[in-house]
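A look at the structure
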Amino acid sequence: MGLIRVGTASWTDRTLIESGWYPPGTGTPEKRLRFYASQFPLVEVDATYYALPAERTAATWAARTPDGFVFNVKAFSLFTQHPTRVAALPADLRAAVAETGRERVYLKDVDPVVVDQAWDRFLAALEPLRQAGKLGVILLQFPQWFPVSRASKDYILACAQRVAPRRVCVEFRNRSWMTEDNQQETLSFLAAHRLPYVCVDMPQGHPSSIPPVLAATSDLAVLRLHGHSDQWESKDITQRFGYFYGEGELMGWAPRVRALAEEADVTDVLFNNCCGDNSQVNAQQFAALLKP
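Throughout, residues of each chain are indexed from 1 in the direction in which the sequence is written. The predicted nature of this model means local features are confined to residues of pLDDT at least 70 and side-chain atom pairs, given and counted, to a pLDDT of 80 or more, with totals for whole chains, interfaces and linings taken over all residues. Hydrogens and water molecules were not included; the side-chain quantities draw on all heavy atoms of the structure.

The subject of this paragraph is the pairing of strand β7 (residues 167-171). The element β7 is largely enclosed, with a buried count of 4 among its 5 residues. In this description, strands pair whenever DSSP reports at least two bridges between them. Secondary structure elements are defined from DSSP: runs of H or I of at least 4 residues count as helices, runs of E of at least 2 residues count as strands, and each element is numbered from the N terminus. Looking at chain direction, strand β6 (residues 135-141) and β7 are connected through 5 bridges and run parallel. Pairing of Leu-140 across the sheet is with Val-170, part of β7. Following the chain from β6 across helix α8 (residues 150-163) to the adjacent parallel β7, one finds a crossover that is right-handed. Relative accessibility thresholds used throughout: buried, under 20% of the residue-type maximum; exposed, over 50%; partly exposed, between the two (1.4 Å probe, protein chains only). Every crossover in which the path from the first strand over the helix to the second runs clockwise, viewed with the strands pointing away from the viewer, is termed right-handed.

Spatially, the 8 strands line up as an open sheet ordered β7-β6-β3-β2-β1-β10-β9-β8, and their pairing is parallel. Each end of this open sheet is capped by a strand with a single partner; those strands are β7 and β8 (198-201). Averaged over all pairs of adjacent strands, the angle between their axes in this sheet comes to 25 degrees, without regard to strand direction. Pairing analysis gives 6 bridges linking strand β9 (residues 220-225) to strand β10 (residues 266-271), with the strands arranged parallel. Counted as the bridge partner of Arg-224 is Leu-270 from β10. On the sheet, α8 packs against β6 and β7 and is oriented at approximately 155 degrees with respect to β7. All axes here are fitted lines through C-alpha atoms, helices being fitted over the stretch that makes contact, and every angle between N-to-C directions spans 0 to 180 degrees. Two residues form a contact once any of their heavy atoms are found within 4.5 Å.

Now for the layout of surface pockets. Definitions used for this entry: grid spacing 1 Å over protein atoms alone; cavity, a set of points where a 1.4 Å probe fits but cannot get out; pocket, an open set with protein on both sides within 12 Å along at least 5 of 7 lines; lining residue, one with an atom within 4 Å of a point. Grid points are joined across faces, edges and corners, and a volume is the space filled by probe spheres set on the points. Put simply, the largest pocket is a space of about 1300 Å³. Every residue lining the largest pocket is counted, 40 residues in all, and those nearest its centre are Tyr-49, Tyr-50, Lys-74, Ile-237 and Arg-240. Secondary-structure elements contributing two or more residues to the lining of the largest pocket are α1 (14-19), β2 (42-45), α3 (47-50), β4 (84-85) and α10 (237-240). Under the convention adopted here, Pro, Cys and the residues Ala, Val, Leu, Ile, Met, Phe, Trp and Tyr are nonpolar, Asp, Glu, Lys and Arg are charged, and Gly plus all remaining residues are polar. Across the lining of the largest pocket, the residue classes break down as 16 nonpolar, 12 polar and 12 charged.

So this is what it looks like as structure tokens:
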């Protein structure tokens, strides 16, 4: 069985800080990250989805965490064809898209030259993590309007080639990728290019729902647990991810994750039920269940 790393999709959420999970004496960003890294070997950075990161920020993350700690980083929204706030772009790039007159733009609305510059800045900002050996994978979470197609596959490959030698992992929110008819084709496509498929646990019955299929398509396997909130369609993040996994659920996932880890060298398990300390407590519980 390969290495299993368990972590969460945040360490800075306001509701987490207010929950009391961080002990006394950890009242600064530096102390909170150092404490988090003493509890887990892995974290996912989701703030990079909302705005391009700063190189100095990545450098401080690298300096505040021990050797072997890993940051998986969510790709900027523009790169995964999500609506992107013009205000989230750097000022000089913002001016190039301001003529659209929109507050939010999609990839198709933006000059490819501007997109190239945004990618270059995104990757350059992550360089301190890469140099420190702490950059894991870049998460490409595609939206529900990104269906299975040749064009979509080509775009995934283009993203992977752009970031190489860094690695991407791929999460879908359009059910066409994982229907009974397409599931094997999707997994075979990713495996052929050694791209990790992001397995998910999430509410079912929604347009964005993907079934909880566990599969390793490369030497790295990734599982993101989003919870089962009955308000999955809410725009309120705390409602959407306000879910706590019970002991029985976690015990049910443990053998499945061990089986997944038999197919990969490394398996990353990330709890994304980020509301209060739900994800941190569940991740600690799950890590304990996986111990021999």
